[in-house]
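Chain residues, written in single-letter form:
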Amino acid sequence: METHIRGDEDMFALLEEMGGGGASASSPTTETEDSLIDNTIKNTFTMPRTLTQAFQLSPPSNPEVEIIRHRNHEKFKSDFYDLFRNCVPSSTVAAATLSKASAKHQESPNAQRNQCIRSVLQPVWRQMPAHSIWERLQFSLKTLEAGCVRDNQKPMGQLPPWCCIESEEQLINHLLCPSVQQINAWILHGKQRGIVWEPLLPVPAISSQDINDQTNQGYRRNTFSLIEEEVKFQFIRSFKKCIGGGSREALPSVDKVYSTMKSLPEIDTFSDMEEVKKDDVTGITNEKQAFILQNIFGSQPFKKIVQKLHKKMMYLAEDTYAHFLSDLKKTSDRKAAEEQQQLNKGRKRKGGKDKSGSMPKITFIDDDYDASTDRKKNDTDQQARVTCGGLSMKINIDHMQKLERLHKRTLSNILGADESSSFARLLFTLLLRYDALEGAGLQSAIPHSVFRFLHNKFGCKFESFASPFNCYEMKQGGDSEYGTAFGDTDAWFGSEGSFFGVDFLRKGGCFQANPPFASEFMVCMYQRMHHFLSMTNGDNDTADEEVPPMQFAIFVPAWAESSGWQSLMSSPYLSKHCIIDQKKHYYTEGTQHRRSQRDSNAKDDGKGSYRIASFDTSVFFLQNAAAKKKWPLDDEVQDGLEKAFALTEDEEEVKKSSVKSKKLSQKSAHRQVKKQTTTQQKKVIKQQQPEKKKRKKSSSAGKKKTLMSGGEDEMNIFNSLGLVDGDGNEGKQRKKSRSKKHR
């Protein structure tokens, strides 16, 4: 247990200046607070640094709150996709307007340039994936929001109300099992002061107390920059696909567009073309394509579309967040009324059942047979289902057992106990939060073999961007150290919170980083790395005499057009840059916890826990002076990374997996032989069945004939008995037959 309870290094300096963390005399204090809010810091109980660091920005969540958040987020995504597609007209409407404009024979160079730009802009825009834009934009927006919240928390010098814990019992009630009423009060309190971070939904402003303050205005300006940057990045990729013939939209030839733009004279309307950054078209080797893209990004049609998208998205975010707060208040009031009703009755609910369905249930899926391999599933192939509030989430047994181990280890480090009755609640909240994130590629991680290589080579123990599902679990009894995107749901599984709140100066050593592949997010990541490297560099005058070695190993796509890749490439602390070929390495699947794992050690073709990389990977090693002396980088690093990425580092595991695969193939072949024999028998039976039916049909037809000629049969019977005389011929034949029998 440590006395300081802030993860940000600036907050530590502020607390030291203020005399151990108390509020200064000049700092503003609020006298009127809600009954659930208490900002006074008690010294009776101190939480560990990692726990307060994880809950620094947002209060804890529970299944009911997460269900409300998830439904509002799904509604926002569907509306955003429609909004993005409607920013440009459809192909038929665009063709009609283009024909009308050409019929008027406009002579204005401005109109001709706009017409030429729209002929490229609109079809490329229609091919841009809206879901991919939101996947990457969401990480950038949340990083921007978190930075604004940290800036608002610094002058207060106090912890957020959900981290003001007086006792261990209050720690369990507040952070481990919070109620809807508490979470609602914390969010409203923090939103008024701008000190709470919304982990999933986009917010229109940082603070709701003063919408026109400087922080909110800066936040809105920066959101526009993030949207513009992301749209440009996706536009370049879609533009390349359209030129390469991988699109349904028809584009005019590059030479024709280039010659048209070159033939038009420069006018005052496009004098702002010089403001277009050359970095926007970095990575485009073709000069004509780079010229076209630069003209499009600096044109008025492109800027108007981006402004329209930003304006409508902020309106949509405001409406969505208002609905979220309204639904949260309704649920809070309903829960408060139910509790008051129970208190008035003076008795508890029988059986301890929760009528609201807030207690998730874990059930195991009884499906022992796997049709794809024609064999029974192993223990690791089985899956569990966690259900709450009408929503059901799946997880395989292997990952659920891993989460149980991480949860018990975290509880033993904090509370000294390794058992908790709230595991089902925490598991459902965790699964639902990560289910809201789209893009399995953005959630993918480097294979454990790569992290094992970094650990053996450099002593790396910390993963900067991981999740409880894909984090590396130490086998020698050590605690898994990793940062995640959501500290409010991941803290009870060992997460130390956001990368941007971790104090790397206190840790020192080697840190692995595989960030989400969003350009602005990677830029923010590099800026924080640069900050710590400059503080610990031996050449810096402000650095201490004894500085710890600090090294960052960053894994990002080899996208030369990305601003994040460019910032890493131009870093003064770059010691080595390795490129891993796309066809020669794998990544851990982002949704591996939902799939059934048959053999996680063997290479998979996309169906298991690994997926083939979709691009070349750049590995950057940033080092300070002390790290360069301790860990010199040579060609062995490139070879070691390639072997680790190819999943051939541990030869014994590969041999075991190959032996298992051979045995399974033999068993499957034996089962296939049995299958063939049984199928052949079934075919014979099926061939015989129609004949039987035909015979039945013929016999039934004969019965019908006998029924139609039933009178003759009856007369024959009477004649045989001698009761009625029949025809002469029949009587003579019967008499002859009787005489023969008698003889």
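Colleague: I'd love a proper account of the overall build of the protein chain, names of residues and values included.
Modeller: For the protein chain, the count of helices and strands is 24 helices and 13 strands. Looking at the 743 residues of the protein chain, the share that counts as buried comes to 47%. Within the protein chain, contacts between residues at least 6 apart in sequence are counted, and of these 79% link residues at least 24 apart.

Colleague: Explain the sheet that holds strand β6 (residues 462-463) residue by residue, including any values.
Modeller: Taken in spatial order, the six strands line up as β7-β6-β8-β9-β13-β10 in an open sheet, and their pairing is mixed. In this open sheet, the two strands that pair with only one neighbour each are β7 (481-482) and β10 (574-580). By the bridge criterion, two bridges tie β6 to strand β8 (residues 509-513) in an arrangement that is parallel. Its bridge partner being in β8, Glu463 is matched across the sheet by Gln512.

Colleague: Quick one: what's the story with a negative patch on the surface, residue by residue and with numbers?
Modeller: Taken together, the side chains of Asp581, Asp616, Asp634, Asp635, Asp639 and Glu642 make up a negatively charged region of the molecular surface. Mapped onto the elements, Asp635 comes out in helix α21 (residues 635-645). By relative accessible area, which is 59% here, Asp635 ends up exposed.

Colleague: Describe in detail the packing of aromatic side chains, supporting the description with residues and values.
Modeller: Following the criterion strictly, the structure yields 36 aromatic pairs and no others. Ring geometry for Phe80 versus Trp134: centroids 5.6 Å apart, planes at 50°, classification tilted. Taken together, the residues span a long stretch of sequence, with Phe80 in helix α3 (residues 63-85) and Trp134 in helix α6 (residues 130-156) at a distance of 54 residues. Residue classification places Phe80 among the buried positions, given a relative accessible area of 1%. A network of ring pairs unites the aromatic residues Phe139, Phe462, Phe465, Phe499, Phe500, Phe504, Phe511, Phe521, Phe532 and Phe552 as a single cluster. Over the ring of Trp559 we find Arg237; its NZ or CZ atom is 4.8 Å from the centre of that ring. The ring of Phe291 has Lys262 sitting right over it, with the charged end atom 4.6 Å from the ring centre.

Colleague: Let's hear about the packing of helix α9 (residues 214-243) against helix α11 (residues 287-297): which residues, and what values?
Modeller: At a closest axis distance of 12 Å, the pairing of α9 and α11 adopts a crossing angle of 135°. Between α9 and α11, the angle is such that the two are oblique. The way α9 lies across α11 gives a crossing that is right-handed. Of α11, the residues touching α9 (which contributes Lys232, Phe235, Ile236, Phe239 and Ile243) are Gln289, Ile292, Leu293, Ile296 and Phe297. The residue inventory of the contact of α9 with α11, partitioned by class, reads eight nonpolar, one polar and one charged.

Colleague: Run through the packing of helix α5 (residues 109-127) against helix α12 (residues 300-345), naming residues and quoting values.
Modeller: Remark: α5 packs on α12, axes separated minimally by 10 Å, with the N-to-C direction vectors making an angle of 40°. On the basis of the axis angle, α5 is oblique to α12. Contact residues: α5 offers Asn114, Arg118, Leu121 and Trp125, while α12 offers Pro301, Phe302, Ile305 and Leu309. Tallied by class, the residues present in the contact of α5 with α12 amount to six nonpolar, one polar and one charged.

Colleague: Could you give me a rundown of the side chain of His310, with the residues and numbers involved?
Modeller: Here His310 is to be found in helix α12. Reaching out from His310, the side chain makes a polar contact with the side chain of Thr223 at a distance of 3.0 Å. Apart from the residues lying within four places of it in its own chain, the contact partners of His310 are Arg220, Thr223, Phe224 and Ile227.

Colleague: Summarise the confidence of the model for the protein chain; cite the residues concerned and give the values.
Modeller: Here the protein chain shows a mean pLDDT of 75. Residues at 70 or above account for 66%. With pLDDT under 50 throughout, residues 1-44 is counted as low confidence; its partners more than four residues away or in other chains account for 78 contacts. Per-residue pLDDT stays below 50 along residues 728-732; that stretch engages in two contacts with residues further than four places along the chain or on separate chains.

Colleague: Go over α21 with me, naming the residues and quoting the values.
Modeller: Taken together, the buried positions of α21 are Val637, Gln638, Gly640, Leu641, Ala644 and Phe645. Viewed end-on, α21 has its buried residues packed into an arc of 165°, placing them on one side of the element. Summarising the geometry of α21, the exposed residues directed more than 90 degrees from the buried face are Asp635, Glu636 and Lys643. Elements that come into contact with the buried residues of α21 comprise α15 (448-458), β9 (550-557), β10, β11 (586-588) and β13 (617-623).

Colleague: Mind laying out the pattern of salt bridges, listing which residues take part and the relevant values?
Modeller: This model, assessed by the stated rule, comprises 19 salt bridges. Among the charged side chains, a network of salt bridges with common partners joins Glu66, Arg69, Glu198, Arg433 and Asp488.

Colleague: Just give me the short version of the nonpolar core, but keep the residues and values in it.
Modeller: Counting residues in hydrophobic clusters, the biggest one holds 132 residues, and the most contacted among them are Trp125 and Ile554. Considering every element that reaches this core, the biggest residue donor is α12, with eleven residues. The residues contacting Ile554, other than those within four sequence positions of it, are Ala513, Pro515, Met525, Met529, Leu568, Ser618, Val619, Phe620 and Leu622. Counting residues in hydrophobic clusters, the runner-up holds 24 residues, among them Phe453, Met474, Cys510 and Phe645.

Colleague: Describe the sheet that holds strand β5 (residues 391-396), listing the residues and the values that go with them.
Modeller: The strands that make up a sheet are held in pairs by hydrogen bonds between backbone atoms, and each pair lies either parallel or antiparallel. Read from one edge of the open sheet, three strands run β1-β4-β5, paired in antiparallel fashion. Every other strand in the sheet has two partners, leaving β1 (361-364) and β5 as the edge strands with one partner each. Across this sheet, the average inter-strand angle for adjacent strands is 25°, counted without regard to direction. Here six bridges tie strand β4 (residues 383-388) to β5, and the two strands are oriented antiparallel to one another. Considered in β5, the bridge of Arg385 is made with Lys394.

Colleague: Lay out the side chain of Ser534 in plain terms, naming residues and giving numbers.
Modeller: Tracing the backbone through its elements, the reader meets Ser534 in helix α18 (residues 519-536). Residue Ser534 is classed as buried on the basis of its relative accessible area of 18%. Among the polar contacts made by the side chain of Ser534, one reaches the main-chain carbonyl oxygen of His531 at a distance of 2.8 Å.

Colleague: Can you lay out helix α7 (residues 168-176) for me, pointing to particular residues and giving the numbers?
Modeller: Here α7 has its buried residues at Gln170, Leu171, His174, Leu175 and Leu176. Looking at the packing, one finds that the buried side of α7 touches α2 (49-54), α8 (180-193), α13 (397-414) and α14 (423-436).

Colleague: Give me the lowdown on the environment of Gln566, citing residues and values where you can.
Modeller: Here Gln566 is to be found in helix α19 (residues 563-569). Here Gln566 falls in the buried class, since its relative accessible area comes to 17%. With 47 residues separating them in the primary sequence, Gln566 and Ser519 have C-alpha atoms 9.5 Å apart.

Colleague: Can you lay out the environment of Gly494 for me, pointing to particular residues and giving the numbers?
Modeller: The topology assignment puts Gly494 in the loop between α16 (487-490) and α17 (504-507). Sequence separation between Gly494 and His407 is 87 residues; the distance between their C-alpha atoms is 7.0 Å. When sequence neighbours within four positions are dropped, the list of residues in contact with Gly494 reads Thr410, Ser480 and Tyr482.

Colleague: Hey, could you go over the environment of Ser567 for me, with residue numbers and the actual values?
Modeller: Structurally, the position occupied by Ser567 is in helix α19. Along the backbone, Ser567 and Tyr526 are 41 residues apart, and their C-alpha atoms lie at a distance of 7.1 Å. If we skip the residues at most four places from it in the chain, Ser567 touches Val523 and Tyr526. In this structure the side chain of Ser567 is engaged in a polar contact, spanning 2.7 Å, whose partner is the backbone oxygen of Gly564.

Thresholds applied
- Throughout this document, residue positions are counted from 1 along each chain, in the order its sequence is written.
- Totals for whole chains, interfaces and linings use all residues, but because this is a predicted model, local features are given only for residues with pLDDT of at least 70 and pairs of side-chain atoms are given and counted only at 80 or more.
- The side-chain numbers reported here are obtained from all heavy atoms of the structure, hydrogens and water having been left aside.
- For helices the rule is a DSSP run of H or I covering at least 4 residues; for strands it is a run of E covering at least 2, with both sets numbered from the N terminus onward.
- Summary of the burial criterion: residues with accessible area below 20% of their type's maximum are buried, those above 50% are exposed, and those between are partly exposed, where the area comes from a 1.4 Å probe applied to protein chains only.
- What makes two residues a contact is simply this: any of their non-hydrogen atoms within 4.5 Å.
- In this scheme, strands are said to pair when DSSP sees at least two bridges between them.
- Excluding any residue in a salt bridge, patches collect residues exceeding 30% relative accessible area, merging like charges within 9 Å and nonpolar Val, Leu, Ile, Met, Phe, Trp and Tyr side chains within 5 Å.
- In this description, accessible areas are obtained by the Shrake-Rupley approach with a 1.4 Å probe, and a residue is regarded as covered only by the protein chains that are shown.
- Salt bridges, as used here, are contacts in which a Lys or Arg side-chain nitrogen is within 4 Å of a carboxyl oxygen on Asp or Glu.
- His is not counted, nor are the chain ends; Lys and Arg add positive charge and Asp and Glu add negative charge.
- Lys charges are placed at NZ, Arg charges at CZ, Asp charges at CG and Glu charges at CD.
- Geometry of aromatic contacts follows a simple scheme: Phe, Tyr and Trp rings, the Trp one being its six-membered ring, pair when their centres are within 6.5 Å, and the pair is stacked under 30 degrees between planes, edge-to-face over 60, tilted otherwise.
- Lysine NZ or arginine CZ positioned within 6 Å of the ring centre and within 35 degrees of the ring normal marks a charge as sitting over the ring.
- Lines fitted to C-alpha atoms define the axes, with helix axes restricted to the stretch in contact, and inter-axis angles between N-to-C directions lie between 0 and 180 degrees.
- Orientation labels follow simple angle bins: below 35 degrees gives roughly parallel, above 145 gives roughly antiparallel, 65 to 115 gives roughly perpendicular, and whatever is left gives oblique.
- Note on convention: near helix rotated counterclockwise from far helix by under a right angle means a left-handed crossing. Clockwise means right-handed.
- For this classification, the nonpolar set comprises Ala, Val, Leu, Ile, Met, Phe, Trp, Tyr, Cys and Pro, the charged set comprises Asp, Glu, Lys and Arg, and every other residue, Gly included, is treated as polar.
- Any pair of nitrogen or oxygen atoms within 3.5 Å is treated as a polar contact; in protein, a donor-acceptor pairing is required on top of that, and neighbouring residues in sequence qualify only through side-chain atoms on both sides.
- A score from 0 to 100, pLDDT tells how confident the predictor is in each residue.
- Here the arc refers to the set of directions running from the helix axis out to each C-beta atom.
- In this description, a nonpolar core means a group of buried Ala, Val, Leu, Ile, Met, Phe, Trp, Tyr and Cys residues linked to one another through side-chain atoms lying within 4.5 Å.

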